[in-house]
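# Chain and residue survey
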Amino acid sequence: MTDHSPAALLSAVRAARPLVQNITNTVVTNFTANVLLALGASPAMVDAAEEAADFVRISGALVVNIGTLNARTVASMKLAAEAANEAGVPWVLDPVGAGATAYRTQTALDLLALRPAVVRGNAGEIMALAGAQDRSQKGVDSAAGTDAALDAAQYLASTFGCVVAVTGETDRVIGPSGVTAISGGHARIQLVTGTGCATTALVGAFLAVARPEAAAIAALTTMKRATEIAMRGDPGPGTLAVQLLDALHAVQPADLPAGASQTA
Amino acid sequence: MTDHSPAALLSAVRAARPLVQNITNTVVTNFTANVLLALGASPAMVDAAEEAADFVRISGALVVNIGTLNARTVASMKLAAEAANEAGVPWVLDPVGAGATAYRTQTALDLLALRPAVVRGNAGEIMALAGAQDRSQKGVDSAAGTDAALDAAQYLASTFGCVVAVTGETDRVIGPSGVTAISGGHARIQLVTGTGCATTALVGAFLAVARPEAAAIAALTTMKRATEIAMRGDPGPGTLAVQLLDALHAVQPADLPAGASQTA
Amino acid sequence: MTDHSPAALLSAVRAARPLVQNITNTVVTNFTANVLLALGASPAMVDAAEEAADFVRISGALVVNIGTLNARTVASMKLAAEAANEAGVPWVLDPVGAGATAYRTQTALDLLALRPAVVRGNAGEIMALAGAQDRSQKGVDSAAGTDAALDAAQYLASTFGCVVAVTGETDRVIGPSGVTAISGGHARIQLVTGTGCATTALVGAFLAVARPEAAAIAALTTMKRATEIAMRGDPGPGTLAVQLLDALHAVQPADLPAGASQTA
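No experiment lies behind these values; they were computed from the predicted model shown.

Let us look at the overall build of chain A. The helix and strand tally for chain A stands at ten helices and eight strands. Relative to the compact-globule value of 18 Å for 264 residues, chain A shows a C-alpha radius of gyration of 17 Å, a close match. When the backbone C-alpha atoms are referred to their principal axes, chain A occupies close to 50 × 45 × 40 Å. Counted over contacts in chain A with a minimum sequence separation of 6, partners at least 24 positions apart contribute 72%. As presented, chain A carries roughly 8,900 Å² of accessible surface, and 52% of it is formed by carbon and sulfur atoms. Side chains of chain A carry 16 positive and 21 negative charges; the gap between the two charge centres is 1 Å.

This is the structure we're talking about:
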């Protein structure tokens, strides 16, 4: 494929209907599966150590999300990530709550060391990971510039050789092309639990059909646009979650930027 | 009860409000509970080995679903199935994803060997189980006829002495009466995660008030009809899931076939 | 704060946006998180023994719910409760299904012995706990009066030094001020799974900004009022769940009693 625009990649996902394996948290398993189905992908939630690696090998991409990590699932995450690497299956990491506890931060760093294609987090998570990695490395300078989250993201991207997606009011994707900014969406989406996790799952779906940077840009662009569609009628948070699923199904390539992504 | 029609059994479920225990997957726990409540049953989700068997003994039926199986929950499934058999509580098996990994296929076969009253799966799962069982038995002939899924279902039904329900565009129930076909529903329901699992849970609710074959037919008929009701207004997938719950509550016996089931 | 009315406390929760940690059941993790977000709190679902205690220390309150308890999560519940007590973080217990199995009843009593600020259950659960505790203590007289659930609640409140909230058609809160009755709501809410658990989570949110008795009263009052708002249009159970989230976001302090709570 020569056209890596979000519009072209949305068409590609819907044509391929890729199988996307998720080892994710118990808050969002249902919502994530519905998000992937609505987009046009084929979700699976397989987290047992006995089969996670086997399942990765038949999947188009893997999503690893530490939101409700525990010893059993962390072991499965690592097995699955290693199997993905061996099989050439791209994977995306969502370091939910990194920084909140030592266990969470360390697990996220352990997973980053296994080299995901993309890491997707909010500014706080990305800064916590960069700070913790920086301290663990001693001497690496990550002096905060005018935009600490961007600095942190660039530090992680260069340290771990991955694309970093930082989502917020304006999303930023740090990849080989530099920094791509994606605006749009609506702040009320924060009242629906798991929309960050859902964005990560969308990255997984696009990873099955595109390179990491283009996949991240397409996923974030699709989520921003679907959120805008879902906000029609000024819904409360319950209705917004329902309409977001409807919108992920209804959104068309023509609703997304067809050309090159906007670079900040 | 002499009338085993879906209409009569729907009335019976609502009159009895049976307690239905579920050991199911983390994707659909919430949706399954809401499906059973909407229908008129009383759901419980109890999966700890310390109490699963105790809970079965006070339940009207048991639902075992391997969607997100792991060593802990597989042990509970087996304990619960054995307790159900001892107590005369009917149970239904949903072999989610059988065929996708060896762990999943083997666990499903181990559970089938514990003799569920009903197994409910899609064509791929049923064919995978029949194929794996066939290989394990060596020499059993399951040569595919013009309808491989039906052959597989009949093979499982005769091997394990259970009713087999194969759901798809047209559902088929293989039982003592032969093959019963159930049409209706709508393909878009596949965009809502867990509707197959929900169908299995409905089988559980009907098992509490009817024999396995009639229970399976009633459950599949109810789901097909509720899906049609839920499709009013041509909803997107998020709205469809909500409307399916509304429809399972709104559907009346008069909306279902009152007489003998249609036999293919 | 000198005004402990539900109206004042709802404003206080929305101003504080307290972090509320939940160790809860797999049926309601998503719904509980969305309930807390809709109200205006900040939910977290952290149940690993490796981090549950750490997370409690940065939280405004802790919610412990035994709905799908198992050995792993019960250990985390106890660690988290002990950490909460040490850190002065108030916590609320939801003894889901106490009485249904010995494991469930004993776990609830073990947790009660760790002294939650509030226990919230239905009449059956509260009576089961009082009866089991009574038997374990031998000689304590809890002769049922005209209202067995109220007797049981008062017995638990005095035995464990906690506020007891018994929810039902009319809710009752037993605390230092005596018995407070809260009416309203709608019976159809029982067709939505997890609304009892959601009420307990609301108690957690209010505990972060108020003393236990006032917190329980405010939470139950808010849930009753939101349920009434959510019933507009006579929704089916699927739509009702969605509208309940909308209503928890839309409900305003002016919709709640501004003065002293009604005492039965």
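Now that the structure has been shown, the text picks up again.
With that settled, consider the environment of Leu37 of chain C. Its location among the elements puts Leu37 of chain C in helix α2 (residues 29-39). Judged by relative accessible area, Leu37 of chain C falls into the buried class, the value being 10%. Through-space distance from the C-alpha of Leu37 of chain C to that of Asn70 of chain C is 27 Å; in sequence the pair is 33 residues apart. If we ignore the near neighbours within four places in the chain, the residues touching Leu37 of chain C are Gln190, Leu191, Val192 and Thr193 of chain A together with Pro43 of chain C.

Our next topic: the interface of chain A and chain C. The interface of chain A with chain C comprises 22 residues on the first partner and 20 residues on the second. At the boundary of chain A with chain C, total buried surface from both sides reaches about 1,700 Å², with 60% on carbon and sulfur atoms. Three residues stand out in chain A for area buried against chain C, namely Val27, Leu191 and Thr193 of chain A, and they jointly supply 27% of the buried area on that side. Where chain A packs against chain C, one counts one salt bridge. The shortest N-O distance in the salt bridge between Glu51 of chain C and Arg104 of chain A comes to 2.5 Å. One can count seven residue pairs in polar contact (both at pLDDT 80 or more) joining chain A with chain C. Going through the elements one at a time, α5 (102-112) and α10 (237-250) of chain A are the ones with two or more residues in the side of chain A that touches chain C. Sort the elements by how many residues they give to the side of chain A that touches chain C and α10 of chain A lands first, with four residues. A class-by-class count of the residues in the side of chain A that touches chain C yields eleven nonpolar, ten polar and one charged.

All names here are of chain A. Read across the open sheet, the eight strands follow the order β2-β1-β3-β4-β5-β6-β7-β8; overall the sheet is mixed. Strands at the two margins of the open sheet, each flanked by one partner only, are β2 (42-45) and β8 (178-182). Averaged over all neighbouring strand pairs, the angle between strand axes comes to 20°, with direction disregarded. Relative to strand β3 (residues 61-65), strand β1 (residues 19-23) runs parallel, the two being bridged by four bridges.

The next subject is the relation of the copies chain A and chain C. With an RMSD of 0.0 Å, the fit of chain A onto chain C corresponds to turning through 120° and sliding 0.0 Å along the axis. This pairing of chains is accounted for by a three-fold axis. The C-alpha atom lying nearest the rotation axis in chain A is that of Thr26 of chain A; the distance is 3.8 Å. When the interface residues of chain A are mapped onto chain C, a mere 5% of them again fall at the interface, so the copies present different faces.

This part covers the state of the cysteines. Residue and element names in this part refer to chain A. Counting across every chain of the model gives zero disulfides over all chains. Cys197 takes part in no disulfide bond, and the closest cysteine sulfur, belonging to Cys162, lies 18 Å away. Here Cys197 falls in the buried class, since its relative accessible area comes to 12%.

Next up on the list: the pairing of strand β1 (residues 19-23) of chain B. Residues and elements named next belong to chain B. The buried count for β1 comes to four of five residues, which makes it a mostly enclosed element. Inspection of the sheet shows β1 paired to strand β2 (residues 42-45) by four bridges, in the parallel sense. Bridge pairing in β2 links Val20 to Pro43. What joins β1 to β2 is helix α2 (residues 29-39), and the crossover it makes is right-handed.

This next bit is on the interface of chain B and chain A. In this assembly, 22 residues from chain B lie in contact with 20 residues from chain A. Summed over both sides, the interface of chain B with chain A buries roughly 1,700 Å², with 60% coming from carbon and sulfur. When the buried surface of chain B facing chain A is broken down by residue, Val27, Leu191 and Thr193 of chain B rank first, second and third, together holding 27% of it. Counting the contacts that link chain B with chain A gives seven residue pairs in polar contact (both at pLDDT 80 or more). With four residues, helix α10 (residues 237-250) of chain B is the single largest residue contributor to the side of chain B that touches chain A.

This part covers unusual backbone geometry. One non-glycine residue with positive phi stands out, namely Arg17 of chain A, at about 45°. As for its position among the elements, Arg17 of chain A is in the loop between α1 (6-16) and β1. In this structure, Asp234 of chain C is a non-glycine residue whose phi angle is positive, near 55°.

Before going further, it helps to examine the side chain of Asn70 of chain B. Residue placement: Asn70 of chain B occurs in the loop between β3 (61-65) and α4 (71-87). On the accessibility criterion, Asn70 of chain B (6% relative accessible area) is buried. The contact partners of Asn70 of chain B, leaving out residues within four places of it in the chain, are Ala48 and Arg72 of chain A together with Tyr103 of chain B.

Moving on, we come to empty space enclosed by the protein. Enumeration according to the criterion identifies one cavity of 30 Å³ or more in this entry. Of the volumes computed, that of the largest cavity is approximately 610 Å³. In terms of lining residues, the largest cavity is bounded by 36 residues, among which Asn30 and Asn34 of chain A, Asn30 of chain B together with Asn30 and Asn34 of chain C are the most central. The residue makeup of the lining of the largest cavity, split by class, is 18 nonpolar, 18 polar and no charged.

About the cut-offs
Residues numbered from 1 in each chain as written. Chains lettered and ligands numbered in written order. Predicted model: local features only at pLDDT ≥ 70, side-chain atom pairs only at ≥ 80, totals over all residues. Heavy atoms only, no water. Helix = DSSP H or I, 4+ residues; strand = E, 2+ residues; numbered from the N terminus. Rg over C-alpha atoms; globule rule 2.2 N^0.38 Å. Contact = heavy atoms within 4.5 Å. Areas by Shrake-Rupley, 256 points an atom, 1.4 Å probe, with all protein chains shown as cover. Lys, Arg positive; Asp, Glu negative; His and termini not counted. Charge placed at Lys NZ, Arg CZ, Asp CG, Glu CD. Buried < 20%, exposed > 50% of the residue type's maximum accessible area, 1.4 Å probe, protein only. Buried area = accessible area lost by both parts, 1.4 Å probe. Salt bridge = Lys/Arg side-chain N within 4 Å of Asp/Glu carboxyl O. Polar contact = N/O pair within 3.5 Å; in protein donor to acceptor, adjacent residues only side chain to side chain. Nonpolar A, V, L, I, M, F, W, Y, C, P; charged D, E, K, R; others polar. Pairing = 2+ DSSP bridges. Axes fitted to C-alpha atoms, helices over the stretch in contact; angles between N-to-C directions. Least-squares fit on C-alpha atoms with pLDDT ≥ 70 in both. Disulfide = S-S within 2.5 Å. Right-handed = clockwise from strand over helix to strand, strands pointing away. 1 Å grid on protein atoms, 1.4 Å probe; cavity = no way out; pocket = protein on both sides within 12 Å on 5 of 7 lines; lining within 4 Å. Points joined across faces, edges and corners; volume = space filled by probe spheres on them.

These figures capture arrangement, not role.
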